[in-house]
Amino acid sequence: MNKTVTGKSHRNLGQLLVVSSLIFGMFFGSGNLIFPVHLGQLAGSHWFLAALGFAISGSLFPLLAILAVVTTKSDGLFDLAKPVGRRYAALFLILVHLTIGPFFGTPRTATTAYEMAVQPFLPQRFSTVGMLLFTGLFFGAAYVLATHQNNLVKIVGKYLNAAFLVMLAIIFVVAFFNPMGSLNHAATTAYQTNATISGFLEGYNTVDAVALLALSVTFVHAVRGLGYHDRELTKLTAQAGTLSIGLEILIYFGLVLLGAFSLSQMKLSDNGAVALSAIVGHYFSNFGTLFLGVLVTLGVFTTALGLVTSFAQDFHKLFPKVSYLAWLRVTTFVSFLVANAGLDTIIAWSLPVLMLLYPLSLALILAALTVAKRPYAGIVYKMTIAFTAVPAVLDMLNSAPQVVTQLGPVHTVLTFYHQVIPFASLGLGWLVPTLVGFTLGVVLGKLRLASQSTTTVDNDRF
């Protein structure tokens, strides 16, 4: 009996670790490596408070996104957003998947890998051809692996992610046993007084809360393939998610520390990619560039694999006449084409759209985790999203190129928005309207429910 219990315990622990690794590997990519390092350089001696803020938005929100999908038993992003309305759910699904998928997010994984792992070793004249060949191989491999959905846990959770973590651990061990200097460096202006808020906003750049709403469908299919359903699935997700998010937070703090230490040996870098390359080069010399390239390629490939798979699954459900494999071919081919536009172009065009989607995603997560099973859930969903949409659109305009923000009417509206709405100047203008819409929806929902109950009682009397 003891042997049976022990064997079951080992088996459950093994599955927990595999699922935790799957969650981690599905969304920890290049941005999760690069942004914390740059954050450390920006924050200097205020690195801890900045890292704390980054961990909240970069780790807690993605975990809540997964739990929102699992606890509501949604079979994808469409089901999760459906209480707002079927048309909204379809539109939201399309916008999210196009943004984190073939138009922006997925191509960015390949271009980041190319620019950090291949381009440094190629003469400039071969750069265009090199990008074409690399992205073709990258998305070709993603397509082949994504056709085997049943093996997704094994492929991502057991092999690719394990290699990625080993490489990252080697960097940490070498760097922390031989630090580049002290942590007593002045922070940039934004981090001198608002280090936690600035770190919190920097965590938006990972876009993981948005991505995990879409990727969760792949995760749910994979875990159900292990034999888990309903309550077991929710429990396993909470346990595995907490474990993987805990690991991610440790990695974030380590990367922020790397960036803060680096100021003793180098100036503030233009971005995290430059900073991380310089740090690894400092410790590993010429081999460092290749080492970092392999590390980043493994990280972004697991993300790309999850993105193309979830895109195909959700679009097949929304448009069932087109097969999963057909959608998979569409997303991998379009991602290949967009990737060849270059990393800078992709990032420049994606930011305004992401500023629109992030508040809407957080509003959806809030409603899903609190009132999804209430009889008045529909009105709460609708009010929350309605109150969030306006500031989300304004945040999108505020992040647009100057040619848009400096237009007379747009500039006037944005100035009024920053002066009137709390926290708008900090990039959190959606926060108060979202909470107001949610509260108003709950009040109206309860009043309507009470009114219906009273009407039913009165009718029963007659």
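Residues numbered from 1 in each chain as written. Predicted model: local features only at pLDDT ≥ 70, side-chain atom pairs only at ≥ 80, totals over all residues. Heavy atoms only, no water.

Focus: the overall build of the protein chain
Test applied: Counting from the N terminus, the helices are the DSSP runs of H or I reaching at least four residues and the strands are the DSSP runs of E reaching at least two. Atoms counted for the radius of gyration: C-alpha only. Globule rule: 2.2 Å times the number of residues to the power 0.38. Any two residues having at least one pair of non-hydrogen atoms within 4.5 Å are treated as being in contact. The sign given to each residue is positive for Lys and Arg and negative for Asp and Glu; His and the chain ends receive no count. Note that the charge is assigned to NZ on lysines, CZ on arginines, CG on aspartates and CD on glutamates.
A count of helices and strands for the protein chain gives 19 helices and zero strands. Relative to its length of 462 residues, the protein chain is compact, with a C-alpha radius of gyration of 23 Å against a globular reference of 23 Å. By its C-alpha atoms, the protein chain is 90 × 65 × 45 Å across when sized along the principal axes. Pairs at least 24 residues apart make up 82% of the contacts formed inside the protein chain by residues separated by at least 6 positions. For the protein chain, the distance from the average site of its 24 positive side-chain charges to the average site of its 14 negative ones is 10 Å.

What to know about helix α18 (residues 408-420)
Applicable threshold: Each helix should span, by expectation, one fewer than its residue count multiplied by 1.5 Å. A 1.4 Å probe rolled over the protein chains alone gives each residue an accessible area, and that area as a share of the maximum for its type sets the label: buried under 20%, exposed over 50%, partly exposed in between. To obtain the arc, one takes the directions from the helix axis to the C-beta atoms.
In this model, α18 (13 residues) spans 18 Å end to end at C-alpha, consistent with the 18 Å of a helix rising 1.5 Å per residue. Every buried residue of α18 is listed here: Val410, Leu414 and Tyr417. For α18, the arc enclosing every buried residue in end-on projection is 60°, short of the 170-degree limit, so these residues lie on one face. Within α18, the exposed residues directed more than 90 degrees away from the buried face are Pro409, Thr412, Phe416 and Gln419. Buried residues along α18 sit against α16 (377-398) and α17 (402-405).

Notes on a nonpolar patch on the surface
What counts here: The residues that make up patches have over 30% relative accessible area and no salt bridge, and they are joined within 9 Å when like-charged or within 5 Å when they are Val, Leu, Ile, Met, Phe, Trp or Tyr. Values of accessible area rely on a 1.4 Å probe in the Shrake-Rupley scheme; residue burial ignores everything except the protein chains shown. Here, a salt bridge means any Lys or Arg side-chain nitrogen found within 4 Å of an Asp or Glu carboxyl oxygen.
Taken together, the side chains of Phe48, Leu49, Leu52, Ile56 and Leu60 make up a nonpolar region of the molecular surface, amounting to roughly 400 Å² of accessible area. Looking at the element boundaries, leucine 52 is found in helix α3 (residues 47-71). Residue leucine 52 is classed as partly exposed on the basis of its relative accessible area of 36%.

Notes on the packing of aromatic side chains
Test applied: Stacked, edge-to-face and tilted labels apply to pairs of Phe, Tyr and Trp rings (six-membered ring for Trp) whose centres lie within 6.5 Å, assigned for plane angles under 30 degrees, over 60, and everything in between, in that order.
This structure, assessed with the given rule, holds 19 aromatic pairs. Ring centres 6.4 Å apart and planes at 35° place the aromatic pair phenylalanine 333 and phenylalanine 336 in the tilted group. Of this pair, phenylalanine 333 and phenylalanine 336 both sit in helix α14 (residues 324-339), three residues apart, roughly one helical turn. An aromatic cluster is defined as three or more aromatic residues linked by ring pairs; in this entry it consists of Tyr114, Phe134, Phe138, Phe139 and Phe301.

What to know about the nonpolar core
Definition in use: Here, nonpolar core refers to any group of buried Ala, Val, Leu, Ile, Met, Phe, Trp, Tyr and Cys residues whose side-chain atoms link them within 4.5 Å.
Ranked by size, the top nonpolar core spans 130 residues in total, and within it Phe92, Phe138 and Phe219 carry the most contacts. Broken down by element, this core gets its largest block of residues, 20 residues, from helix α13 (residues 272-318). Membership of the second largest hydrophobic core comes to five residues, among which are Leu394, Val410, Tyr417 and Ala424.

Topic: the packing of α3 against helix α10 (residues 195-202)
Axes are the key here: two packed helices are described by the angle between their axes and the distance separating the axes. We apply this condition: Working convention: axes come from line fits to C-alpha atoms, limited for helices to the stretch in contact. Angles between N-to-C directions cover 0 to 180 degrees. Note on convention: near helix rotated counterclockwise from far helix by under a right angle means a left-handed crossing. Clockwise means right-handed. Each residue is assigned to one of three groups, with Ala, Val, Leu, Ile, Met, Phe, Trp, Tyr, Cys and Pro labelled nonpolar, Asp, Glu, Lys and Arg labelled charged, and all others, Gly among them, labelled polar.
Where α3 meets α10, the axes come as close as 6 Å, and the angle between the chain directions of the two elements is 35°. Like other packed secondary-structure pairs, α3 and α10 cross with a definite hand, here right-handed. Each of Leu49, Ala50, Gly53, Phe54, Ile56, Ser57 and Phe61 in α3 lies in contact with α10, whose residues at this interface are Ala195, Thr196, Gly199, Phe200 and Glu202. In terms of residue class, the contact of α3 with α10 is built from seven nonpolar, four polar and one charged.

Quick look at the environment of leucine 318
Within the secondary structure, leucine 318 is located in helix α13. Residues leucine 318 and threonine 99, spaced 219 residues apart in sequence, show a C-alpha to C-alpha distance of 17 Å. What leucine 318 contacts, discounting residues up to four positions off in sequence, is Phe78, Ala90, Leu93 and Ile94.

Re the packing of helix α7 (residues 127-146) against α14
We apply this condition: The labels follow the angle: roughly parallel below 35 degrees, roughly antiparallel above 145, roughly perpendicular from 65 to 115, and oblique for the rest.
Contact geometry for α7 and α14: axes closest at 9 Å, N-to-C directions at 160°. On the basis of their axis angle, the class for α7 and α14 is roughly antiparallel. Like other packed secondary-structure pairs, α7 and α14 cross with a definite hand, here right-handed. Contact residues: α7 offers Met131, Leu132, Thr135, Gly136, Phe139, Tyr143 and Ala146, while α14 offers Tyr324, Leu325, Leu328, Arg329, Thr332, Ser335, Phe336 and Ala339.

Focus on the confidence of the model for the protein chain
If pLDDT is low for a region, its predicted coordinates should not be looked at in detail. For clarity, the cut-off: Known as pLDDT, the predictor's confidence for each residue is given on a scale from 0 to 100.
The predicted model of the protein chain has a mean per-residue pLDDT of 82, with 90% of residues at 70 or higher. Low pLDDT, under 50, characterises residues 3-8; the predicted model gives this stretch zero contacts beyond four residues in sequence or across chains.

Quick look at unusual backbone geometry
Backbone geometry at lysine 73 places phi at a positive 55°, although glycine is not the residue there. Mapped onto the fold, lysine 73 is located in the loop between α3 and α4 (77-81). Although it is not a glycine, phenylalanine 423 sits at a positive phi angle of roughly 70°. Tracing the sequence through the fold places phenylalanine 423 in the loop between α18 and α19 (431-461).

A look at the environment of valine 96
Following the sequence through the fold, valine 96 ends up in helix α5 (residues 86-100). With 261 residues separating them in the primary sequence, valine 96 and leucine 357 have C-alpha atoms 7.1 Å apart. For valine 96, the residues in contact, after removing those within four places along its chain, are Leu77, Gly101, Val210, Ala214 and Leu357.

Focus on the pattern of salt bridges
Any two side chains of opposite charge can pair, on the condition that their charged atoms come close. Per the stated rule, a full pass over the model turns up two salt bridges. Among the salt bridges present, the one from aspartate 79 reaches lysine 82, with a minimum N-O distance of 3.8 Å. Among the residues examined, lysine 82 registers a relative accessible area of 33% and is labelled partly exposed. For aspartate 79, the salt bridge is made with lysine 317, and the minimal N-O distance between the two is 2.6 Å. Taken together, the residues aspartate 79 in helix α4 and lysine 317 in helix α13 connect sequence positions 238 residues apart. Several salt bridges converge on common partners, so that one network encompasses Asp79, Lys82 and Lys317.

A look at α14
For α14, with 16 residues, the first-to-last C-alpha span of 22 Å sits near the 22 Å given by 1.5 Å per residue. Considered for burial, the residues of α14 that qualify are Tyr324, Trp327, Leu328, Thr331, Thr332, Ser335, Phe336 and Ala339. Here the buried residues of α14 occupy an arc of 165° about the axis, which is enough to place them on one side.

Quick word on the side chain of threonine 99
On the secondary structure map, threonine 99 appears in helix α5. Looking at threonine 99, the relative accessible area reads 4%, which means it is buried. Non-local contacts of threonine 99, meaning those with residues more than four positions away in its chain, are made with Phe104, Gly105, Val353, Leu354 and Leu357.

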